Amino acid sequence: MQAFRTFTRGRHNLARCDTRTAWTNLAAKKPHASRFISTRKGIGGFQYYIKETAFTVAVGCGIIAWNYQDKISLGGPIYATKKKMIEVAKLIENEIGESCVSFDEENIEAHGHFEWSTSNTTVRPVAIITPRTTDEVSRIAKICFKYRVPMIPFGAGSSVEGNSSAPFSGICIDLSLMNRIVEFHPNDMDVVVEAGVNWVDLNNKIKDSGLFLPLDPSPSAHIGGMVATNCSGTNAMRYGTMKDWVVNLTVVLADGRVVKTRQRPRKTSAGYNLTSLFVGSEGTLGIVTEATLKLAIIPEDFSVAIATFPTIKDAATATSKMMREGVPLAAVELMDEVQMKLINQNGGAGGKMWAEYPTLFLKFSGTKRNISESIARAKAISKSYGGTSFDSASDERSMANLWAARKEALYANLAARPEGTQIWSTDVAVPLSRLAEIIALSKRESSSLGLSSSVLGHVGDGNFHQIVMYNPDKPVEAAAVKKCVHNMMTRAIEMEGTVSGEHGIGIGKKELGPTTIGVMKALKKSLDPYWLMNPGKVFDK
């Protein structure tokens, strides 16, 4: 059993202890130290956490922690203490203006905990910074880099995997004030926007040009967050995901340098594809402040339809047949019978109550003639695979009513929650041929564990969401939901799928093998050597 030893290297005071006895020795030598250190049972032994900076101690099981001036570490990155973080926030306040910095507790809570998110943390940022320009973001980053303060980019806060949480505290950089359309080039079919632009607002402002950004995530989503998570939504079947629409990015790196990933042509073969490096990186490599986006032509006409089926398998099989037959679908969404029941419990949607069966929501676009032919083919295929009803609409109001249940799905789940329960909403994606199988297995398991769950899916691209209700204060339910989600992700990987089709990784999911993550960590270390950019997301140190 190794006794406590202290090493001094210049201004670094390092303490090392391998066992609980070492901590006892430390406390005997420095009785006042206990007020600076707290313990919790960790894997392989007790872990000791520094509360303040007045004393240096290490962790059990051979992990070294140290105090370097006002910075702390736990066998990983060195971060400023909370006290120092607050001082840094005040430095930023002096740098960019008092109106851009908030220490308000309610504001901090709103930026640190998200009711609809699968994963949250009890730690909060020390301040909310709202820059107005790329230059201000750069100046913020330079200060945070100097004092080792984590930076957490924030857009609309609509992500559901804890992507905007602050597990190591730090400063939340809210980009919502950077909401300008910088340049619009209708002849080039592209637009330059700041990160805080809402995609719905963007489409409303440019619709008279006959162009639109065809992604369809949460209506509240901002461009910066859409880039960070490589979002998609209901239109991904036809139009792909965010990565397919980003021409270039302006990114602020951890040390405050500003990089533009490329120029504005539609294609390039000049050097590394830096744009794609940052798309989907969840703010862990840099903060996206501006993006040039491709635009699509608004289709001449639209129509929607709904079709009900006896089982999930019937609905998924019918979808597969439509796709294999070449029916030109713009979107295919699936809601299971539980989800339809929740819609009705919430008073219905679109002015009607709904049949409580697995339901496909279909979207068509193109010319009126082509849409009519597509609807007829989809209806015939639905009927041949057990479809019990098929309704379509082409005028704007009727389409909105038919699509209303899909748009209100999440809100129906939130409204239906019994008091004291939370929602665990997560997604996976698999090859199309395995979708019905993984949905059936996931529903069966959640039911066997006594959990209430519902399913919605972007079945046109093999992506589905399971929404599970549970009481976090009941250990049995909390353990059951974790097991359910873990097994769902494991099954997705076994089926050559992914643990996240569109939500991102956040703090709740880890997927890739050690070699792949090793390459990603090397990129991270190169661009963010002190792990300051949204730490704790995508993978661990």
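Read on for a plain summary of the structure. (Residues numbered from 1 in each chain as written. Predicted model: local features only at pLDDT ≥ 70, side-chain atom pairs only at ≥ 80, totals over all residues. Heavy atoms only, no water.)

On to the sheet that holds strand β17 (residues 287-294). Pairing within the open sheet is antiparallel, and its 5 strands lie in the order β12-β13-β17-β15-β16. A single partner strand is all that each edge strand has here, and the edge strands are β12 (181-185) and β16 (258-260). For this sheet, the mean inter-axis angle between neighbouring strands, taken without regard to orientation, is 10°. In the sheet, strand β13 (residues 190-194) pairs with β17 via 5 bridges, with the strands oriented antiparallel. Residue pairing for β17: Asp190 is matched across the bridge by Lys294. Its contacts with the sheet put helix α4 (residues 134-147) on β15 (246-252), β16 and β17, and the angle it makes with β15 is roughly 45°. (Pairing = 2+ DSSP bridges. Helix = DSSP H or I, 4+ residues; strand = E, 2+ residues; numbered from the N terminus. Axes fitted to C-alpha atoms, helices over the stretch in contact; angles between N-to-C directions. Contact = heavy atoms within 4.5 Å.)

Right, let's talk about the packing of aromatic side chains for a bit. All told, the structure shown has 8 aromatic pairs when counted by the stated rule. Arranged with centres 5.8 Å apart and planes meeting at 90°, the rings of Phe212 and Tyr239 form a pair that is edge-to-face. With Phe212 in strand β14 (residues 211-212) and Tyr239 in helix α7 (residues 236-239), the pair connects residues that are 27 residues apart, well separated along the chain. Accessibility assignment for this pair places Phe212 and Tyr239 in one class, buried. Each residue in the set Phe212, Tyr239 and Trp245 is aromatic and connected to the rest through ring pairs, giving one cluster. Its end group placed over the ring of Trp403, Lys363 keeps NZ or CZ at 5.0 Å from the ring centre. (Phe/Tyr/Trp six-rings, centres within 6.5 Å; stacked < 30°, edge-to-face > 60°. Buried < 20%, exposed > 50% of the residue type's maximum accessible area, 1.4 Å probe, protein only. Lys NZ or Arg CZ within 6 Å of the ring centre and 35° of its normal.)

All right, on to the side chain of Asn463 then. Along the polypeptide, Asn463 turns up in strand β25 (residues 463-470). Take Asn463: its relative accessible area is 3%, and that puts it in the buried class. Beyond its immediate chain neighbours, meaning those up to four positions away, Asn463 contacts Asp427, Val428, Ala429, Leu435, Gly457, His458, Gly501 and Glu502.

Turning our attention to the pattern of salt bridges. Tallied over the entire structure, the rule returns 19 salt bridges. Its salt-bridge partner being Arg406, residue Glu333 comes within 2.8 Å of it at the nearest N-O pair. Residue Glu333 is found in strand β20 (residues 329-335), and its partner Arg406 is found in helix α12 (residues 396-407); the two are separated by 73 residues along the sequence. Arg406 matches Glu333 in its accessibility class, with the two residues each being buried. A salt bridge links Lys443 to Glu337, with the shortest nitrogen-to-oxygen separation between them at 3.4 Å. Pair noted here: Lys443 is in helix α14 (residues 435-448) and Glu337 is in helix α10 (residues 337-345), with a separation of 106 residues, a long-range link. Linked through salt bridges whose partners overlap, the residues forming this network are Glu95, Asp135 and Arg139. (Salt bridge = Lys/Arg side-chain N within 4 Å of Asp/Glu carboxyl O.)

Taken by themselves, the reported measurements are silent on function.
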